[in-house]
Amino acid sequence: MSDKQFKTDSGIEIKQVYTEPSDMNEQPGEYPYTRGVHPGMYRSRLWTMRQYAGFSTAEESNKRYHYLLSQGVMGLSVAFDLPTQIGYDSDHDMSEGEVGKVGVAIDSLEDMEILFKDIKLEEISTSMTINATGFILLALYIALAKKQGADIKKISGTIQNDILKEYAARGTYIYPPAPSMRIITDIFEYCSKEVPKWNTISISGYHIREAGSTAVQELAFTLANGKAYLKAAIDKGLDINVFAKRLSFFFNAHNNLFEEVAKFRAARRMWAKITKDLGATDPKAQMLRFHTQTGGSTLTAQQPKNNIVRVSLQALSAVLGGTQSLHTNGYDEALSLPTEEAATIALRTQQVIAFESGVTETVDPLAGSYFVEQMTDEVEAEAWKLIDKIDVMGGAVKAIEQNFIQEEIARSSYEYTKNIESGDKIIVGVNKFTVEEEEDTPVLKIDDTIRQVQSDKLSKLREKRDSAKAQACLNTIKEKAATSENLMPFVIDAVENLCTLGEIADTLRDVWGEYKG
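Each chain carries its own residue numbering, running from 1 in the direction its sequence is written. Owing to the predicted nature of the model, reporting of local features is limited to residues with pLDDT of at least 70; listing and counting of side-chain atom pairs is limited to 80 or more, with chain, interface and lining totals taken over all residues. Side-chain numbers here rest on the full set of heavy atoms in the structure, without hydrogens or water.

## Focus: the overall build of the protein chain
Put simply, the rule is: Counting from the N terminus, the helices are DSSP H or I runs at least four residues long and the strands are E runs at least two residues long. When we talk radius of gyration, it's over C-alpha atoms, and the globule rule is simply 2.2 Å times the number of residues to the 0.38. When accessible area is computed with a 1.4 Å probe and restricted to protein chains, residues below 20% of their type maximum are described as buried, those above 50% as exposed, and intermediate ones as partly exposed. A contact between two residues is defined here by any heavy atoms of the two lying within 4.5 Å. The Shrake-Rupley method, run with a 1.4 Å probe, gives the accessible areas here. Residue values count only the displayed protein chains as cover. In this tally, Lys and Arg are treated as positive and Asp and Glu as negative; His is ignored, and so are the chain termini. Where a charge lies is defined by one atom per residue type: Lys uses NZ, Arg uses CZ, Asp uses CG and Glu uses CD.
Each helix and strand in the protein chain was counted, giving 20 helices and 11 strands. Against the 2.2 N^0.38 benchmark of 24 Å for 517 residues, the protein chain shows a C-alpha radius of gyration of 23 Å, consistent with a compact globule. Seen along its three principal axes, the alpha-carbon backbone of the protein chain occupies a region of about 70 × 60 × 50 Å. Here the protein chain, with 517 residues, has 57% of them falling under the buried criterion. Counted over contacts in the protein chain with a minimum sequence separation of 6, partners at least 24 positions apart contribute 77%. Just so you have it, the protein chain exposes about 21,500 Å², and 51% of that area is on carbon and sulfur atoms. Here the protein chain contributes 57 positive and 74 negative side-chain charges, whose respective centroids are spaced 4 Å apart.

Here it is, written out as structure tokens:
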């Protein structure tokens, strides 16, 4: 309970929580956490304000990180380019035309050092949006922390590490499902012992929603994937009361404010039940903690400044829904990666909500609204129906293999597009209230010479490293991949000996092959 008094500008005192006597058993910070994972929520601590950033080279991204930290960002969030996401070095033929385009290019420990130059990893929290190669990026981060002299037991952050949604919605997978799930549980096991403050997975509904799902489908498919990860870790012999504390979620926030708030509230309640049913007794293992990003697919290239309003609505829904971490999109992201100006406006949006709106001063402020409470119940009921269907199929992996999840998302995406084209769904500035406009929004351009810059770095790295040691590390990874031994210590050893991301990914391609869908 906070001792600080909160009042409106008119002097009216604001209580920590408002409830009806009949609802006294439903308290914030108590099972099933519908009203929040902490009794005081934002009265005690604001959400972490992150800005997803990464582009071009590690040098350029490092400059943006220092700028964002100077402007009040509370944690870093790294975007990686496509070659990094799918396990190719910048000088690989498959990387041509993509290096540094949608995120930063990271090929080696040297790039990681530049990315975090003059940033102490023990003092910040870092979120990395990376999946198929998440284990390599985590190894690079741990290796860098050790090089900085940090106690790796104190470093904190998150890797997305959610491969099931890649098969279902996004496509940046490398290996087949079985070895991919093995890597994920290796990370759970390793981090629970060696990096206990690290969130080992961010189970992502974000990309499911970006692919065209509804809010209900986003919730159902995300929690079904989460359930599959829980079962895989339990089957490996891990204790749910230990590893489930480090699982987090990543949700999308769209424009329908009340449905989004209901989705976030229902998600906590559903996850509490799922974990409890699978044997979790520790309250922290039952809590759903989540990061939110405003909806990239809702941004329009037409009248892009309208996106500032959209992002504000979406960010507000995440806060009213009780998010632990938030990224707000730049208004120009339908056109390019965000410029510095757009990123600053996006961050200021969070700060205005936090410090000027008053919505942080009481917990779950929309609780008790007839509309919100019934919407929470209805979103939950519809999501359970989908999860029950997935369970009958044998779980999320089987549902993905049978194309059930992919087909459900495709159908919803088609319906949504059809409604926009018919005018039944109004998108301001796109199919209504349109104007003839000149393109005057500044866009961030990525120089095509970056691939050559990265290739030159790789060439120098391979010349100076101990090639015999590097090859021995890769051989060990290949050998251990054919066993059930945890791969993480060997991958960390490899990156410390300057093996590249692509070399490690290719070594495992040789053992496990590639998933073709």
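So, next bit.
## Here we look at the layout of surface pockets
Under the convention used in this document: Put plainly, a pocket is an open set of points on a 1 Å grid over the protein atoms alone with protein on both sides within 12 Å along at least five of seven lines, a cavity is a set where a 1.4 Å probe fits but cannot get out, and a lining residue has an atom within 4 Å of a point. Grid points are joined across faces, edges and corners, and a volume is the space filled by probe spheres set on the points. Residues are grouped as follows: nonpolar covers Ala, Val, Leu, Ile, Met, Phe, Trp, Tyr, Cys and Pro; charged covers Asp, Glu, Lys and Arg; every other residue, Gly included, is treated as polar.
What the largest pocket holds in volume is close to 1,100 Å³. Elements that contribute at least two residues to the lining of the largest pocket include exactly strand E3 (48-53), strand E5 (125-129), strand E6 (156-159), strand E9 (247-253), strand E10 (290-294) and strand E11 (325-327). Here the lining of the largest pocket takes four residues from E5, the largest share from any one element. Partitioned by chemical class, the residues of the lining of the largest pocket number 12 nonpolar, 20 polar and seven charged. Listing elements by their share of the lining of the second largest pocket, those giving two or more residues are helix H7 (206-210), helix H10 (257-277) and helix H16 (404-422). Ranked by residue count, the leading element in the lining of the second largest pocket is H16, at five residues. Across the lining of the second largest pocket, the residue classes break down as nine nonpolar, 13 polar and six charged.

## Here we look at the nonpolar core
As a reminder, the rule being used: For the purposes of this section, nonpolar cores are sets of buried Ala, Val, Leu, Ile, Met, Phe, Trp, Tyr and Cys residues that join through side-chain atoms within 4.5 Å.
Membership of the largest hydrophobic core comes to 134 residues, with the highest contact counts inside it found for Met 112, Phe 116, Met 128, Phe 135, Ile 155 and Ile 504. Of all the elements, helix H4 (residues 134-147) adds the most residues to this core, at 11 residues. Apart from the residues within four sequence positions on either side, Ile 155 is in contact with Leu 121, Glu 122, Tyr 141, Ile 142, Ala 145, Ala 150, Val 195, Lys 197 and Trp 198. With five residues, the next largest nonpolar core counts Phe 55, Val 99, Ala 105 and Ile 446 among its residues.

Any functional reading would require information beyond the geometric quantities listed.
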